[in-house]
Amino acid sequence: EPELSGEFATLMGWADSVRRMKVRANAETPLDARTARNFGAEGIGLSRTEHMFFDAERIVAVREMILSDDEKGRRAALAKLLPMQRQDFVELFTIMQGLPVTIRLLDPPLHEFLPHSEAEIAEVAQALGVSADKLKARAHALHEFNPMLGFRGVRLAIVYPEIAEMQARAIFEAASQVAKETGETIKPEIMVPLVMTSAELDLTKARIDAVAKEVAQETGVTLDYYVGTMIELPRAALRAGDIAKTAEFFSFGTNDLTQTTLGISRDDASTFLGDYVAKGILATDPFVTIDREGVGELVALAARNGREARPGIKLGICGEHGGDPATIAFCEETGLDYVSCSPYRVPIARLAAAQAALNVKAEGQA
Ligand code: PEP
Ligand code: MG
């Protein structure tokens, strides 16, 4: 694992003494979390739990979960996943030693998990006790032409709340276990993705709260926790005032927010973007540096309305932009509390946050 040392570590210390924003990392594996800590991350701002579901040991149960046609089948598959998911969080909480850890509920387009080969199909069909043809028909029904605008994010938690319940249970059980073992106070931050209305968040938070009560009764440990949301759709940014009545924090998902605000696919190499920047139509590649005039306006609006509805609401950014110095300057100007970026960009983010803080201060004095 890489580490910072010598003069570089001294320089980073100077940067830390002047910056205002915290720097967190996006991490889901123990290796990423340790690297993030070594690079000075002050928490995890985004743990993408879907990455934990592709494991060879888990994928069959995940496929059973999404291809079962009833809740009982889904719950049986989720029961197999629970101990593994709990262990994921035990590791993250242990490595992060009481620093904030934001865990995002499952957010993949479901088709990413579908079985492809005949052998995979047969394996899942057998586990569910259905014919291969029936299983293929169910998989086919999940096909979407635009999966990134489809059945993902909180939409999964609305239709299949038992998935969110399993994840919430894994989080609370893991946090109680680590708190008992280490004596640290663990206050998990549960993040709901792709929210567009406050009702989606209200329904999901009610489920999470119910699980928290159950686990507290079972373990005898009452945990504090936050439930918050990603702001990654224009509608959510516009309705941030309503959403903040329930959300205890916002994290700006600028990857999706850029895609949905500009209507430009984040997954396709958009061959026209170079021309757009060269001709001055867009100031920057909007997937690298935040589009201040569009996406930035939505972020600023949501921050303002979120704070009005819930003074002191914690605000961060966790899209790829969170590690980009020009975007970090924007985040400082907007008064966000933290940026979260990939572990290897944490040192740059610490420097950029310091520089941004100095610039904002200098402007205030000018
Ligand atoms: C985002 O949309 O900016 C984000 C952080 O979520 P993901 O990249 O996982 O969609
Ligand atoms: Mg997103």
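So, how was this worked out
- Note that residues are indexed from 1 along each chain, following the sequence as it is written.
- Chain labels run from A onward and ligand labels from 1 onward, assigned in the order the entries are written.
- In view of the model being predicted, local features appear only for residues whose pLDDT reaches at least 70, and side-chain atom pairs are presented and counted only at 80 or more, with totals across whole chains, interfaces and linings using the full set of residues.
- Note: side-chain values were computed over all heavy atoms of the structure, leaving out hydrogens and water.
- For Na, K and Ca the donor cutoff is 3.2 Å, while for all other metals N, O and S atoms must lie within 2.8 Å; water is not among the atoms, so some sites may look incomplete.
- Think of it this way: any DSSP run of H or I at least four residues long counts as a helix, any run of E at least two long counts as a strand, and we number them from the N terminus.
- We call a residue buried when its accessible area falls under 20% of the maximum for its residue type, exposed when it is over 50%, and partly exposed in between, using a 1.4 Å probe and counting protein chains only.
- Stacked, tilted and edge-to-face are the three classes applied to pairs of Phe, Tyr and Trp rings, where Trp contributes its six-membered ring and a pair requires centres within 6.5 Å; stacked means planes under 30 degrees apart, edge-to-face means over 60, and tilted covers the rest.
- As a reminder, the over-ring test applies to NZ of lysine and CZ of arginine, requiring each to be within 6 Å of the ring centre and within 35 degrees of the ring normal.
- Here, a salt bridge means any side-chain nitrogen of Lys or Arg that lies within 4 Å of a carboxyl oxygen of Asp or Glu.
- pLDDT is a residue-level measure of predictor confidence that goes from 0 to 100.
- Two strands pair under a simple rule: DSSP has to find at least two bridges between them.
- Here the axes come from fitting lines to C-alpha atoms, over the contacting stretch only for helices, and the angles between their N-to-C directions go from 0 to 180 degrees.
- Note on definitions. A residue lies near a molecule or strand when any single heavy atom of the residue is within 4 Å of it.
- Residues adjacent in sequence count toward polar contacts only when both atoms are side-chain atoms; beyond that, a polar contact is any pair of N or O atoms within 3.5 Å, and within protein one must be able to donate a hydrogen and the other to accept it.
- Using a 1.4 Å probe, the Shrake-Rupley method yields the accessible areas, and only the shown protein chains count as cover for residues.
- When residues are sorted by character, Ala, Val, Leu, Ile, Met, Phe, Trp, Tyr, Cys and Pro go into the nonpolar class, Asp, Glu, Lys and Arg into the charged class, and all the rest, Gly among them, into the polar class.
- To be clear, the arc concerns the directions from the helix axis to the C-beta atoms.
- Note on contacts: a residue pair qualifies if any of its non-hydrogen atoms lie within 4.5 Å across the two residues.
- Only four residue types enter the charge count, namely Lys and Arg as positive and Asp and Glu as negative; His and the chain termini do not.

## Section: the coordination of the magnesium ion (ligand 2)
Then, in step 1: On the protein side, the magnesium ion (ligand 2) has Glu232 (OE) and Asp256 (OD) as donor atoms, found 2.0 to 2.2 Å from it. Of this pair, Glu232 sits in the loop between β5 (226-231) and α10 (234-238) while Asp256 sits in helix α12 (residues 254-262); the two residues are 24 residues apart in sequence, bridging distant segments of the chain. Like Asp256, Glu232 is buried.

## A closer look at the environment of Glu118
Then, in step 1: Inspection of the secondary structure assignment puts Glu118 in helix α5 (residues 118-128).
Then, in step 2: Residue Glu118 is classed as exposed on the basis of its relative accessible area of 52%.
Then, in step 3: Glu118 sits 18 residues away from Lys136 along the chain, and the two C-alpha atoms are 9.7 Å apart.

## Considering the packing of aromatic side chains
Then, in step 1: The full count for this structure, using the stated rule, is 7 aromatic pairs.
Then, in step 2: Three or more aromatic residues link up through ring pairs in this structure, and these residues are Phe53, Phe54 and Phe113.
Then, in step 3: Just above the ring of Tyr338 sits the side chain of Arg24; from NZ or CZ to the centre is 4.0 Å.

## Here's the deal with the pattern of salt bridges
Then, in step 1: Taken as a whole and assessed by the stated rule, the structure comprises 30 salt bridges.
Then, in step 2: Residue Arg24 pairs with Glu189 through a salt bridge whose shortest N-O separation is 3.0 Å. Of the two residues, Arg24 sits in strand β1 (residues 22-26) while Glu189 sits in strand β4 (residues 189-192), which places them 165 residues apart along the sequence. Side by side, Arg24 and Glu189 carry an identical accessibility label, which is buried.
Then, in step 3: The salt bridge partner of Glu189 is Lys314, with a shortest N-O separation of 3.1 Å. Of this pair, Glu189 sits in strand β4 while Lys314 sits in strand β7 (residues 314-317); the two residues are 125 residues apart in sequence, bridging distant segments of the chain.
Then, in step 4: Taking the relative accessible area as the measure of exposure, Lys314 reaches 24% and is therefore partly exposed.
Then, in step 5: Shared partners join several salt bridges into a network, and the residues in it are Glu50, Arg104, Asp107, Arg152, Asp256 and Arg266.

## As for the confidence of the model for the chain
The predicted coordinates of low-pLDDT regions are not to be read in fine detail.
Then, in step 1: Per-chain confidence: the chain averages 95 in pLDDT, with 99% of residues scoring 70 or above.
Then, in step 2: Model confidence for the complex is summarised by a pTM of 0.96, with the ipTM given as 0.99.

## Regarding the sheet that holds β1
Then, in step 1: The strand order around the closed barrel formed by 8 strands is β1-β2-β3-β4-β5-β6-β7-β8, and the pairing between neighbours is parallel. Strand after strand, the sheet turns through a mean of 25° between neighbouring axes, direction not considered.
Then, in step 2: Where β1 and strand β2 (residues 44-48) come together, 2 bridges link them in parallel fashion. Residue pairing in the sheet places Asn26 in a bridge with Leu46 of β2.

## Thoughts on the pairing of β1
Then, in step 1: With respect to burial, β1 is a largely interior element, 4 of its 5 residues being buried.
Then, in step 2: The pairing of β1 with strand β8 (residues 338-341) spans 4 bridges and is parallel. Its bridge partner being in β8, Lys22 is matched across the sheet by Tyr338.

## Considering the site of ligand 1
Then, in step 1: In the vicinity of ligand 1 lie 13 residues, with Arg48, Arg104, Gly253, Asn255 and Arg266 positioned nearest.
Then, in step 2: Within the side chain of Glu232, a nitrogen or oxygen atom sits 2.9 Å from an oxygen atom of ligand 1.
Then, in step 3: The contact in question runs from an oxygen atom of ligand 1 to an N or O atom on the backbone of Asn255, over 2.7 Å.
Then, in step 4: For ligand 1, whose free accessible area comes to 290 Å², the fraction covered by protein is 95%.
Then, in step 5: Residue assignment for the shell around ligand 1 shows that the elements contributing at least two residues are β2 and α12.
Then, in step 6: Among the elements that take part in the shell around ligand 1, α12 stands out by supplying 3 residues, more than any other.
Then, in step 7: Of the residues belonging to the shell around ligand 1, the class tally is 3 nonpolar, 4 polar and 6 charged.

## With respect to the environment of Gln87
Then, in step 1: Looking at where Gln87 falls in the secondary structure, it is placed in helix α4 (residues 71-96).
Then, in step 2: A relative accessible area of 37% means that Gln87 is categorised as partly exposed.
Then, in step 3: Note: C-alpha distance between Gln87 and Ala174 (87 residues apart in sequence) is 7.0 Å.

## Some remarks on the environment of Asp32
Then, in step 1: Tracing the chain through its elements places Asp32 in helix α2 (residues 30-38).
Then, in step 2: Considered as a pair, Asp32 and Ile44 are 12 residues apart in the sequence and their alpha carbons are 9.9 Å apart.

## A few points about helix α6 (residues 132-141)
Then, in step 1: Among all positions in α6, only Leu135, Arg138 and Ala139 are buried. Mapping the buried residues of α6 onto a view down its axis gives an arc of 100°, with all of them on the same face. Counted as exposed and oriented over 90 degrees from the buried face of α6: Asp133, His140 and Ala141.
Then, in step 2: On its buried side, α6 packs onto α3 (56-67) and α5.

## Regarding the side chain of Asp324
Then, in step 1: Examined against the element boundaries, Asp324 turns out to sit in the loop between β7 and α15 (325-334).
Then, in step 2: As a buried residue without a salt bridge, Asp324 has its nearest oppositely charged side chain in Arg345, at a separation of 4.9 Å.
Then, in step 3: In this structure Asp324 touches Val288, Thr289 and Arg345, once residues within four positions along its chain are discounted.

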